[in-house]
Amino acid sequence: QARVDLKSVDLESELLIYDERRRLVHLLNSTARRIWQLCDGTHRVDDITEEVTRLFPEQPQSQVRLDVEQALSSMESQDIIVWVSDEVANEARSKR
């Protein structure tokens, strides 16, 4: 789930996220932006992968899945998302 204490600014094709607590700025491209937006606590990794696959129908779903997992891993390490359940976190980590 995206951290609720982050501030975001819509830059049309990109999203600027400001982490006031850590005093960091993150700039997400359009794909990472969509992934972050789907991190609302209700979408599982499979759901996010399906949505991103619709954005890039020419890409094999297996590649999209890897890209989504890498994006989520990066977002987790940057502390802009938190896992809402161990089941979802373990699902993403086991596929890495």
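The structure we're discussing is the one just above.
Residues numbered from 1 in each chain as written. Predicted model: local features only at pLDDT ≥ 70, side-chain atom pairs only at ≥ 80, totals over all residues. Heavy atoms only, no water.

Student: Whenever I open this one, the pattern of salt bridges confuses me. Can you help?
Tutor: Two side chains with opposite charge may pair up if their charged atoms get near one another. Overall, the coordinates contain 11 salt bridges when judged by the stated rule. D79 serves as the salt-bridge partner of R21, at 2.7 Å between the closest nitrogen and oxygen. Highlighted residues: R21 in the loop between β2 (14–19) and β3 (24–28) and D79 in the loop between α3 (61–77) and α4 (86–94), separated in sequence by 58 residues. Here E51 ties to R54 by a salt bridge, and the two come within 3.1 Å at their closest N and O atoms. Of this pair, E51 and R54 both sit in helix α2 (residues 45–55), 3 residues apart, which is roughly one turn of the helix. Overlapping salt bridges bring together R3, D5, D19, R21, R22 and D79 as one network. (Salt bridge = Lys/Arg side-chain N within 4 Å of Asp/Glu carboxyl O. Helix = DSSP H or I, 4+ residues; strand = E, 2+ residues; numbered from the N terminus.)

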